[in-house]
Amino acid sequence: MDYTGDILEYLSGRAVFADVRHMDSTGKSYSYRNGQFDGQNTSMSSGYAVRCVNNSIAMAFFNDQDFSSIRGKLERLVEKSMKAGKNKIDMSGGIKKSWKELGKIKVMDVPDSQKIEFIKDMDSIMGENGASIRFTNLSEDTVMESYANTSGTLIEGEYSRIYFVYMAGIRDSGSFEESSEEYGSTSGYEYLDSLDFPYLVGNDIKKLRKSLHAGRASPGRYDLVVGPSISGIVAHESGGHPMEYDRIIGREAAQAGGSFIGAGDGKTRIGSEYVNLIDDPSIRGSFGYYEYDDEGIKSGKRYLYRNGYTDSYILNRESAAISGMPANGGGRSSDWDMEPLARMSTTYIEPGNISPEELIEDVRHGIYMKNFTEWNIDDTRFYEKYVGKEAYLIENGKITSMVRRPVLETNTVNFYSSLDGAGDDLVFHAGICGKGDPEQGVPVWMGGPHLRLRNMYMK
């Protein structure tokens, strides 16, 4: 039985503002490890998140099945909200909508045996190409969610997400290299047919093995062309996180970290005119897709950096009220018993109008770093490091010999200020982004085109 209406009715006369979120999720996951089936897990969870605002913001989480026990928790919730504290929150409402994204091939229509066969095939492909350490995992989640508040909003959503991750390690001649890649979509199992996974996985392991025997690039200054997986992780880590407003005002400082952007900085120069960085939850099929966030706010495209300057923040209802701006659909929680935080969804650097080949043709002495095997960034998202997995020298406009593990250590402003060209391609990768305490992992997409950066110090 759904008690959303009863909960709102109880709080309507006792709170300045209240909202109720109900989530019902079912998940399955399948794993293969070093040629052996590693198991299958099934999870189910369901419950309410209730927020009550008076003199402060108070929250309660419960999954009781009778309203008499719920009523007692609501009484204590109201008492807590009467205590002095922070009580700013966006109270907008009046929206009644429903949305659904379950894809064409629904998760319940695909037998377990077919899903296990997929990860078994991927394990075999890695093994045939020389990976002695292998792990694959395929998981799915189906979520039914409703959100209602005392301002008249009622949003109902239903969606499924597919996630595939693999990890591989190769030992050869006393050396070791590893690779990890993630793919995901908010859709059904047609997603596994939308990409050529046997080629993607096999080619990655082949190039990884080849890199074991590649020479090192001499430390020094190079023009650098990076592939979409690097522009994607850069967009997420040094573009998206610094523009989450709860990090900017210090609310996340002791958990996920802060931001090098200040609350009163206004439009700040972040890089060259080619830097346009977007977060857009409304891209259908993306791993971070949603039509309405977990606080009932419509999602949409927002420029975080535009023409080299900071632009829009990522806001949930609480940070929106603190900033004095309207909420913009950034409120996300990983489960029913977690509060919505200001989060990214699908974050990417906007493509330009020249091909990746043209970016490379205009480089005399450079490095092409196609993807990464390692990255790191500090808590304020300013100083960062990326280590290439598949990488090559560029000599007189042509890709030549492979180089092993080129390292870029830079800072956010230097990276974006050195950018003088963006390719016309756009590729996304999936990830699980962690934030908060207790930590919440939410599905995201990260992407971008090939980018060219001038005069970067590499080692």
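Residues numbered from 1 in each chain as written. Predicted model: local features only at pLDDT ≥ 70, side-chain atom pairs only at ≥ 80, totals over all residues. Heavy atoms only, no water.

The next point concerns the overall build of the protein chain. Scanning the protein chain from N- to C-terminus turns up 10 helices and 24 strands. A compact globule built from 459 residues would reach a C-alpha radius of gyration of about 23 Å, and the protein chain, at 24 Å, matches this within 12%. Each of the three principal axes of the protein chain carries a C-alpha extent, and together these read 75 × 55 × 35 Å. Relative to its full complement of 459 residues, the protein chain shows a buried share of 58%. Counted over contacts in the protein chain with a minimum sequence separation of 6, partners at least 24 positions apart contribute 74%. (Helix = DSSP H or I, 4+ residues; strand = E, 2+ residues; numbered from the N terminus. Rg over C-alpha atoms; globule rule 2.2 N^0.38 Å. Buried < 20%, exposed > 50% of the residue type's maximum accessible area, 1.4 Å probe, protein only. Contact = heavy atoms within 4.5 Å.)

Bringing the side chain of Asp-123 into the picture now. Within the secondary structure, Asp-123 is located in helix α3 (residues 112-128). In this structure the side chain of Asp-123 is engaged in a polar contact, spanning 3.2 Å, whose partner is the side chain of Arg-134. Beyond its immediate stretch of four places on either side in the chain, Asp-123 contacts Tyr-32, Arg-33, Asn-34, Gly-35, Arg-134 and Thr-136. (Polar contact = N/O pair within 3.5 Å; in protein donor to acceptor, adjacent residues only side chain to side chain.)

With that out of the way, let us pick up the side chain of Asp-425. On the secondary structure map, Asp-425 appears in the loop between β21 (419-422) and β22 (427-435). For the buried residue Asp-425, which engages in no salt bridge, the nearest side chain bearing the opposite charge is Lys-370, 10 Å off. Here His-450 takes part through its side chain, which lies 2.6 Å from a polar atom of the side chain of Asp-425. Those residues in contact with Asp-425 that lie beyond four places of it in its chain are Pro-228, Pro-351, Pro-356, Gly-448, Pro-449 and His-450. (Lys, Arg positive; Asp, Glu negative; His and termini not counted. Salt bridge = Lys/Arg side-chain N within 4 Å of Asp/Glu carboxyl O.)

Attention now goes to unusual backbone geometry. Note that the residue after Asp-437, namely Pro-438, is joined by a cis bond; omega there is 5°. Locating Pro-438 in the fold gives a position in the loop between β22 and β23 (440-448).

For the rest of this paragraph, the subject is the nonpolar core. Of all hydrophobic cores here, the largest spans 45 residues; its most connected members are Leu-224, Met-369, Leu-408, Tyr-416 and Leu-451. Excluding anything up to four places from it in sequence, Tyr-416 contacts Val-234, Ala-235, Ser-238, Gly-239, Ile-270, Gly-271, Ser-272, Val-275, Leu-277, Tyr-305 and Ile-349. Listed in part, the 26 residues of the second largest apolar core include Met-122, Tyr-166, Ala-168 and Tyr-191. (Core = buried A, V, L, I, M, F, W, Y, C linked by side-chain atoms within 4.5 Å.)

This part takes up the sheet that holds strand β14 (residues 346-349). If you trace the 6 strands from one edge of the open sheet to the other, you get β11-β10-β9-β14-β23-β22, paired in mixed fashion. Single-partner strands in this sheet number two, and they are β11 (309-310) and β22. Against the sheet, helix α6 (residues 228-240) touches β9 (277-279), β10 (302-306), β14, β22 and β23, its axis set at about 125° to β23. (Pairing = 2+ DSSP bridges. Axes fitted to C-alpha atoms, helices over the stretch in contact; angles between N-to-C directions.)

One pass over the full model with this rule turns up 31 salt bridges. When the shortest N-O distance is used, the salt bridge between Asp-420 and Arg-454 registers 2.9 Å. With Asp-420 in strand β21 and Arg-454 in strand β24 (residues 451-458), the pair connects residues that are 34 residues apart, well separated along the chain. Shared partners join several salt bridges into a network, and the residues in it are Glu-177, Glu-374, Lys-385, Arg-404 and Arg-405.

The N-to-C vectors of α3 and helix α5 (residues 197-211) enclose an angle of 30°; their axes lie 9 Å apart at closest approach. In terms of orientation, α3 and α5 fall into the roughly parallel class. As α3 runs across α5, the sense of the crossing is right-handed. Here α3 contributes Phe-118, Met-122, Ile-125 and Met-126 to the contact with α5, which in turn contributes Phe-197, Pro-198, Val-201, Gly-202 and Ile-205. (Parallel < 35°, antiparallel > 145°, perpendicular 65-115°, else oblique. Left-handed = near helix turned anticlockwise from the far one by under 90°.)

Alignment of strand β16 (residues 372-377) against strand β17 (residues 383-388), held across 5 bridges, turns out to be antiparallel. By the bridge assignment, Asn-376 is partnered in β17 with Lys-385. In textbook terms, the turn of a hairpin is the stretch between consecutive antiparallel strands, and for β16 and β17 this stretch comprises 5 residues, one of which, Arg-381, has a positive phi near 65°.

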